[in-house]
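# Commentary on secondary and tertiary structure
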Amino acid sequence: MVAIVKILVIEDEPEIRRFLRASLVTHGYRLAEAESGEDGLRQISRQPPDLVLLDLGLPGMDGLEVIRQLREWSRVPIIIISARGRDADKVDALDAGADDYLTKPFSVSELLARMRVALRHARGNGEPEEPVFEQDSLRVDLARRQVFVAGNEVHLTPIEYRILTTLIRSHGKVLTHRQLLKEVWGPDSVFETQYLRVYMTHLRRKIEPEPARPRLLLTEPGIGYRLAAHA
Ligand code: CA
């Protein structure tokens, strides 16, 4: 028997809620709805959903505040759905503990893909299930610390390897510059985004078939990076 996945939508715009209801119920998800952050938090405490879709611009309590409060007691995956154009808002939401974001308007297939990634991470606690990671022409043997591209071993520096394995642990999810810098260089380096850009260029040259047109190490402009999750 397949368990039904329960989604809570926290969104004040009725049209978006209607769109999400129609799309998600068709794909077999169960949907609960909240029109405000306060109501959303109440519903989550009473009946925890498997995943939360959260708007940032809400009447009353702001979406960012919802994330902060929720993260004090819950690890439920949160995907931001926002019309806010400012990258800083998305970065703040991700750094506060949201798992991913989508900018309105978005396609149903994109939404479903992001939801699958977030649910997979929630089940596996973010740890890779296998000691060997494979995606397109890239193969990383995490147990032996070996990296192969199209079958040939590639030598990475310790920093390059740490960037790659950090992205593998969050496979398919976006990581902000701050999150990556903290993981790889430590908490004192969170503002040194130029480090990342330089190392990402080196890493792409080593593992991307076409470094100028990355298929694996994707840039999320103004936000950070994501290791692509191709089907
Ligand atoms: Ca709104």
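Below is a summary of the structure that appears in this document. Here the structure is a predicted model, which means the values were calculated and not measured.

Among the residues of helix 7 (residues 177-185), those classed as buried are Leu180, Leu181 and Val184. Down the axis of helix 7, the buried side of the element spans an arc of 100°, and every buried residue falls inside it. Where helix 7 ends, the next residue or the one after it, Gly186, has phi of about 105°, a positive value.

Moving on, we come to the packing of helix 6 (residues 158-169) against helix 7. One can describe the packing of helix 6 onto helix 7 by two numbers: an axis separation of 9 Å at closest approach and a directional angle of 125°. The pairing of helix 6 with helix 7 is recorded here as oblique in orientation. Taken as a pair, helix 6 and helix 7 cross one another with a handedness that is right-handed. Each of Ile159, Arg162, Ile163, Thr166, Leu167 and Arg169 in helix 6 lies in contact with helix 7, whose residues at this interface are Leu180, Glu183, Val184 and Trp185. For the contact of helix 6 with helix 7, the residue count by class is six nonpolar, one polar and three charged.

All right, on to the sheet that holds strand 12 (residues 224-227) then. Judged by pairing direction, the sheet is antiparallel, and its three strands sit side by side in the order 10-12-11 without closing on themselves. Since the sheet does not close on itself, it has two edges, and those belong to strand 10 (174-176) and strand 11 (217-220), each with one partner. Within this sheet the neighbouring strands show an average axis-to-axis angle of 30°, counted without direction. Where strand 11 meets strand 12, four bridges bridge the pair, whose relative direction is antiparallel. Directly across from Thr219, in strand 12, lies its bridge partner Tyr225.

What counts, and at which threshold
- Residues numbered from 1 in each chain as written.
- Predicted model: local features only at pLDDT ≥ 70, side-chain atom pairs only at ≥ 80, totals over all residues.
- Heavy atoms only, no water.
- Buried < 20%, exposed > 50% of the residue type's maximum accessible area, 1.4 Å probe, protein only.
- Helix = DSSP H or I, 4+ residues; strand = E, 2+ residues; numbered from the N terminus.
- Arc of directions from axis to C-beta.
- Axes fitted to C-alpha atoms, helices over the stretch in contact; angles between N-to-C directions.
- Parallel < 35°, antiparallel > 145°, perpendicular 65-115°, else oblique.
- Left-handed = near helix turned anticlockwise from the far one by under 90°.
- Contact = heavy atoms within 4.5 Å.
- Nonpolar A, V, L, I, M, F, W, Y, C, P; charged D, E, K, R; others polar.
- Pairing = 2+ DSSP bridges.

Honestly, that's just the spatial picture; any functional story needs more than this.
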